[in-house]
Amino acid sequence: MNNIYLIGFMGCGKSTLAKNLAEALNMHCMDLDQLIEAKLGQTIRELFDEKGEEYFRELETYYLKETSNLKNTIVSTGGGAVGREVNRQFLKAQMTFYLEWPFEVLYSRIAGDENRPLSKSYEQLLELYQYRRALYEESAVYTIGCQDETPYLLVKKIIKLLQEK
């Protein structure tokens, strides 16, 4: 099977869902942020603080493109991966699922998380969420509307869509 990409705002559960989906489909799982941290030996927060967001985004683009060399892998992207046009074009050409959650749910999950470099005030996060929503929709083949589903139910939704394609 070709790779499957999960996109969405921070806190939407991409990493957790990638693990569960990989297990259900007997595929590999790769978290793009964790890959970058492992390759550079620094956390995303440290990379942002020391080298800036633009440097991190360049790394993100490089490693996102490198995932095309993988096979049979569920790839969980970072929440901001859709910020660059080149990444959106790449994702659009893949089997990409956007996990769309209401902002209030996401905010309750990420508020105060010091490991998220862009986790700021409620207003700043809401503005970022509103800006990125259109980019996620543009980048995805499928949008999965989420309300209160468990990872198990979301996996079932994605598998059903894959079977219908």
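Here's what I pulled together on the structure shown here. (Residues numbered from 1 in each chain as written. Predicted model: local features only at pLDDT ≥ 70, side-chain atom pairs only at ≥ 80, totals over all residues. Heavy atoms only, no water.)

So, about the pattern of salt bridges. In total, this model carries 9 salt bridges according to the counting rule given. Between Glu-53 and Arg-57 there is a salt bridge, with its nearest N and O atoms 3.2 Å apart. One end of the pair is Glu-53 and the other is Arg-57, both in helix H4 (residues 53-66) and 4 residues apart, which spans about a single turn. When its relative accessible area of 34% is taken as the criterion, Glu-53 is described as partly exposed. Salt-bridge contacts for Glu-54 lead to Arg-84; the nearest nitrogen and oxygen are separated by 2.4 Å. (Salt bridge = Lys/Arg side-chain N within 4 Å of Asp/Glu carboxyl O. Helix = DSSP H or I, 4+ residues; strand = E, 2+ residues; numbered from the N terminus. Buried < 20%, exposed > 50% of the residue type's maximum accessible area, 1.4 Å probe, protein only.)

This part covers helix H3 (residues 44-51). When H3 is considered as a whole, its buried residues turn out to be Ile-44, Leu-47 and Phe-48. The buried side chains of H3 occupy one side of the element, clustering within an arc of 100° when seen end-on. Those residues of H3 that are exposed and angled more than 90 degrees off the buried face are Asp-49 and Glu-50. In this structure, the buried residues of H3 make contact with helix H2 (32-40) and H4. (Arc of directions from axis to C-beta. Contact = heavy atoms within 4.5 Å.)

Another point: the packing of H3 against H4. Contact geometry of H3 with H4 gives a least axis separation of 7 Å together with a crossing angle of 130°. Between H3 and H4, the angle is such that the two are oblique. Here H3 contributes Ile-44, Leu-47, Phe-48 and Lys-51 to the contact with H4, which in turn contributes Glu-53, Tyr-55, Phe-56, Arg-57 and Leu-59. (Axes fitted to C-alpha atoms, helices over the stretch in contact; angles between N-to-C directions. Parallel < 35°, antiparallel > 145°, perpendicular 65-115°, else oblique.)

What follows covers the state of the cysteines. A full pass over the atoms with the stated rule returns 0 disulfides. Left unpaired, Cys-29 is separated from the closest cysteine sulfur, that of Cys-12, by 13 Å. A residue is classified by how much of its surface remains accessible, and Cys-29, at 36% relative accessible area, is partly exposed. Here Cys-146 is not cross-linked by a disulfide; its sulfur's nearest cysteine counterpart is in Cys-12, at 7.3 Å. (Disulfide = S-S within 2.5 Å.)

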